[in-house]
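Tertiary structure, described
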Amino acid sequence: MPLLFLVPLALAGLAAVAVPLILHLRRREREKPMRFPSLMFLQRVTISTARRRRITDIPLLLLRCAIVALAVLAFARPVFRPRPDAKPARGTRRIVVLIDRSMSMSHLAVWRAAEDSARALINALSPGDRVAVVAFDDEASVEQPLTLDHAAALAAVSRLHPTAGGTRFGAGIRAAREVLVKEADATGGEIDVVTDLQRAGATGMTGLTLPPAVTVRAVNASPKPHSNSAVTGITVQRLAGTDSARSRLVVSTQVAAHELPMPRPVHLTLTLNGRVAATRPATLPRDGTIGVTFDPVPLPIGEARLIVSIDHDSLTADDAFSAVVPAQVTRRVIVATPPDLPADEMLYLTRALEAGNDPSIKIERRAAQAIDGSAMRDALAVFLYDVPTPGGNAGSAIAAWVHDGGGLIVAAGPRLAAHGGSAGILPATERGLVDRTADRGGLLGTAALDHPIFAPFRAGGSAPLGTARFFRYPRLIPTGDAQVVARFDDGLPALVERQEGAGRVLVTAMPLDATSSDFPLQPTYLPFLRGMVLYAAGNAAAPLARTVGDAWLLPTAARNPVIRTPSQEIVRPEGRQRADATTLTEAGFYTVYDGNPSGDPIKVIAVNPAPRESDLGAMPAGELMVGVGQDSIKATERSAASLVEAERQQRIWRLLLILAAIALLGEMVVASTGWRGTAATVVGPTSEGSGR
């Protein structure tokens, strides 16, 4: 094994070995004075003197050099690099206990078994083994970094509990890998995954790699059997009220069953704003999903909080589903029409816009020149029905309103086709009229199904849109910065849009009346029309519920937002946190207040566990690492941190300091014994003569 030094610069201190050498060379022997009777009998000779430079006490010099060299080597922190294929000795292992804390782990006694397994792994370690604790669901967190303190690891395990999050093995193993790689050495490490091996959590492992010396072992805490039932969704429909009856709400729900031993009868309960509003019996199949619709219930004024629940089973966390039905809000759409418009030409358009909810739309008809800033205040959109964009003050007001975020829709028809004109803020101009009556009308050829306007048709592709026939429509010429969203089967643009400042402008050539097409008679007419208006206004419908793990932006209306979580914890985002997305980690209702967590909230949202987490089907332990590759880490590429770990275990510096201390003791003994002990005793010359 090669010898390395963690502080190689300290080796420069070996130059200090020259110090005792120089001192020995400069040392002069002191001669003893000798008494001599007379110098008269001696012959005077001339002696040529020369300073001698020789070492006279080599053993003592070697001892002193060894003391200096050993001390310097100790401070350089030497370490022998371990062999790459070396197996970890017991007492030097590093283990990451990776604990699955997803919602499925709360099934029956699975969590208690998982805790016990984790504690058993830690208690079985030798005193010199280091252990880390990492927990994961949709995300992973290091609860305890690598430590020799096994009690701290046990305490970290005790602090864990199942969450409402989903299972994502990839996130957990990646976090455990980082713990090991950060301090990787030749011995690699071990990852013990304490989990129920839920098959749904195996996604997201693509591209994951581990160092060759790292081993992964699954500790199975899966329940047997894997039966479970869960409420997985809610849909609502508002029924408009009358003068004598309130508006009502129809709530439908979906209930899923997984691996039940037999069909299960359950009672479903609908809770509306904290009160039981309806119940329904149902029988769940052994495996599959059923839909249940409750009888209509009176729609409360304002926002409604819904909870649909079933009888509890072994996994209670998914036995209820929450949703928030926003208060019904009526928004104005200003529609400008030509003066010669027949009374029935806008019949379908008016009914389609006013038939929907969320939001409820009220049409306000005006002459184009009568549109001004005050009229457009709080309006959802401005709809120019086959009339040109007005000039003068009305045109300037519309342009400014769109630039500030308003939505403008132009339905081009035969009047505009005959009028023509400049584009202005519009994304297209009209050049004549196309008559397709001879070939029984044109069809919609292509449509960008990923566009928000066509979101309701994505499931069935473009086929539903192709049933409408258009007999006469204007020829649109798009401007340079326009985007063609849909085209007729002859290639001409059918729907064009452009961004104008913060707002949107759309021009459609698809006839919206029943005389130039049969589009108003098609089922796609209403969702297309409402989708186009809401998209132009930038008013996307708020979802009834969100999923644990989703990111959520706080409402801008809260200047000093305060969040009350489902567990009743109060959170006050500060600084940049207010602009950053908040990760939803709990199931239930999140409530946002402005300033104080009391009074009327600004916003309430419902959060539920991911439906895939309710399928408890487990996979064999051998499939856990399918698709996981190996790192290309070699011994020569290991980090300095790995040598620190090896140096900590070898502790060669201690041996060197002990040897230096022994050498120092030997030097003291040698220097004070024998002739060296008397050489320092100098007797000065007497008054009777000189020693020379």
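Before reading on, note that the structure itself is shown above.
Now for a description of the structure that goes with this document. This is a predicted model, so every value here is computed, not measured. (Residues numbered from 1 in each chain as written. Predicted model: local features only at pLDDT ≥ 70, side-chain atom pairs only at ≥ 80, totals over all residues. Heavy atoms only, no water.)

**As for the overall build of the protein chain**
- For the protein chain, the count of helices and strands is 13 helices and 34 strands.
- Residue burial in the protein chain is summarised as follows: out of 692 residues, 43% are buried.
- Sequence separation of at least 24 residues holds for 75% of the intrachain contacts in the protein chain that already meet a minimum separation of 6.
- When the accessible area of the protein chain is evaluated, it comes to approximately 35,200 Å², of which 56% is carbon and sulfur surface. (Helix = DSSP H or I, 4+ residues; strand = E, 2+ residues; numbered from the N terminus. Buried < 20%, exposed > 50% of the residue type's maximum accessible area, 1.4 Å probe, protein only. Contact = heavy atoms within 4.5 Å. Areas by Shrake-Rupley, 256 points an atom, 1.4 Å probe, with all protein chains shown as cover.)

**Brief notes about the side chain of T591**
- Topologically, T591 is positioned in strand β32 (residues 588-594).
- Contacts of T591, omitting those with residues within four sequence positions, involve R305, V562, I563, R564, P601, K603 and V604.

**Quick look at the environment of A482**
- Among the secondary structure elements, A482 is positioned in the loop between β23 (472-478) and β24 (483-488).
- Considering only alpha carbons, one finds A482 and P427, 55 residues apart in sequence, at a separation of 5.1 Å.
- Excluding residues within four positions of it along the chain, A482 makes contact with P427, V496, E497 and R498.

**Some points on the sheet that holds strand β19 (residues 379-385)**
- Taken together, the 8 strands give an open sheet; going across it, the order is β18-β17-β19-β20-β26-β25-β24-β22, and neighbouring strands pair in mixed fashion. What marks the edges here is a single partner per strand, and that holds for β18 (360-366) and β22 (444-447). Across the sheet, the mean angle separating the axes of adjacent strands is 20° when strand polarity is ignored.
- Pairing between β19 and strand β20 (residues 407-411): 4 bridges, direction parallel. (Pairing = 2+ DSSP bridges. Axes fitted to C-alpha atoms, helices over the stretch in contact; angles between N-to-C directions.)

**Some words on the pattern of salt bridges**
- Enumeration over the complete set of coordinates arrives at 21 salt bridges.
- Its salt-bridge partner being E364, residue R332 comes within 2.8 Å of it at the nearest N-O pair. A residue pair is termed long-range when its members are at least 10 positions apart, and R332 in strand β17 (residues 330-336) and E364 in strand β18 qualify at 32 residues.
- A salt bridge links D490 to R436; the nearest nitrogen and oxygen atoms lie 3.4 Å apart. On the criterion of sequence distance, the pair formed by D490 in the loop between β24 and β25 (493-500) and R436 in the loop between β21 (428-435) and β22 is long-range, its members being 54 residues apart.
- Look at D490 and you get partly exposed, because its relative accessible area is 36%.
- Each of the salt bridges in this network shares a partner with another, and the network as a whole consists of D340, E345, D386 and R415. (Salt bridge = Lys/Arg side-chain N within 4 Å of Asp/Glu carboxyl O.)

**Things to note about the environment of A545**
- Of note, A545 is situated in the loop between α10 (525-537) and β27 (546-547).
- Take A545: its relative accessible area is 24%, and that puts it in the partly exposed class.
- For the pair A545 and N608, spaced 63 residues apart in sequence, the C-alpha separation works out to 7.1 Å.
- Excluding residues within four positions of it along the chain, A545 makes contact with F321, S322, A323, A606 and N608.

**Comments concerning the nonpolar core**
- L349, F383 and L408 are the most contacted members of the largest nonpolar core, which totals 71 residues.
- No other element matches α10, which puts 9 residues into this core.
- When neighbours within four sequence positions are excluded, F383 is seen to be in contact with V333, I334, V335, A336, L349, I409, A411, L512, L529 and V533.
- Listed in part, the 25 residues of the second largest apolar core include I234, V251, V255 and L272. (Core = buried A, V, L, I, M, F, W, Y, C linked by side-chain atoms within 4.5 Å.)

**Regarding the side chain of R498**
- Relative to the assigned elements, R498 resides in strand β25.
- Among the residues examined, R498 registers a relative accessible area of 12% and is labelled buried.
- Contact partners of R498, with chain neighbours within four places excluded, come to I425, L426, P427, T479, D481, A482, G503, R504 and V505.

**A word on helix α6 (residues 347-355)**
- Those residues of α6 not exposed but buried are L349, A352 and L353. Projected onto a plane normal to the axis of α6, the buried residues spread over an arc of 90° and lie on a single side. α6 presents R351 and A355 as exposed residues on the side facing more than 90 degrees away from its buried surface.
- On its buried face, α6 is in contact with β18, β19 and α10. (Arc of directions from axis to C-beta.)

**Brief notes about the pairing of β19**
- Of all 7 residues in β19, 7 are buried; the element is thus mostly enclosed.
- Bridge analysis of β17 against β19 gives 5 bridges, and the strand direction is parallel. What sits directly across from V333, in β19, is A381.
- Handedness of the β-α-β unit built from β19, helix α8 (residues 392-403) and β20 comes out right-handed. (Right-handed = clockwise from strand over helix to strand, strands pointing away.)

**Re helix α12 (residues 652-671)**
- Look at α12: 29 Å from first C-alpha to last across 20 residues, which is about the 28 Å you get at 1.5 Å a residue.
- The complete set of buried residues in α12 reads I652, L656, A660, A663 and E667. Considered in projection along α12, the buried side chains sweep an arc of 80° and stay on one side of the axis. Exposed side of α12, more than 90 degrees from the buried face: L655, I662 and L665 are the residues found there. (Expected span 1.5 Å × (residues − 1).)

**With respect to the packing of aromatic side chains**
- Scanning the entire structure with this criterion turns up 8 aromatic pairs.
- Look at F454 and F457: their rings are 6.4 Å apart centre to centre, the planes differ by 50°, and that puts the pair in the tilted class.
- By relative accessible area, which is 6% here, F457 ends up buried.
- When the ring of Y473 is compared with that of F488, the centres are 3.8 Å apart and the planes differ by 15°; the resulting orientation is stacked. Of the two residues, Y473 sits in strand β23 while F488 sits in strand β24, which places them 15 residues apart along the sequence.
- When its relative accessible area of 0% is taken as the criterion, Y473 is described as buried.
- With relative accessibility at 3%, the residue F488 sits in the buried group.
- Ring pairing ties together the aromatic residues F454, F457, F470, Y473, F488, F519, Y525 and F528, which thus form one cluster.
- When the ring centre of F589 is taken as origin, the NZ or CZ atom of R305, which lies over that ring, is 5.6 Å away. (Phe/Tyr/Trp six-rings, centres within 6.5 Å; stacked < 30°, edge-to-face > 60°. Lys NZ or Arg CZ within 6 Å of the ring centre and 35° of its normal.)

**As for a nonpolar patch on the surface**
- Taken together, the side chains of L655, I658, L659 and I662 make up a nonpolar region of the molecular surface, amounting to roughly 380 Å² of accessible area.
- Locating I658 in the fold gives a position in helix α12. (Patch = residues over 30% accessible without salt bridge, like charges linked within 9 Å, V, L, I, M, F, W, Y side chains within 5 Å.)

**Quick look at unusual backbone geometry**
- The phi dihedral of L197 falls on the positive side, at around 55°, and the residue is not glycine.
- As for its position among the elements, L197 is in the loop between β6 (189-195) and β7 (209-210).
- In this structure L197 comes out as buried when scored by relative accessible area, which is 1%.
- Unlike most non-glycine residues, D378 shows phi in positive territory, near 70°.

**Here's the deal with the sheet that holds strand β4 (residues 130-136)**
- Within the open sheet, the 5 strands sit side by side as β5-β4-β3-β6-β8. Their pairing is mixed. Since the sheet does not close on itself, it has two edges, and those belong to β5 (140-147) and β8 (214-220), each with one partner. Going across the sheet, the axis of each strand differs from the next one's by a mean of 15°, ignoring polarity.
- Sheet topology note: the β4/β5 ladder contains 5 bridges and is antiparallel.

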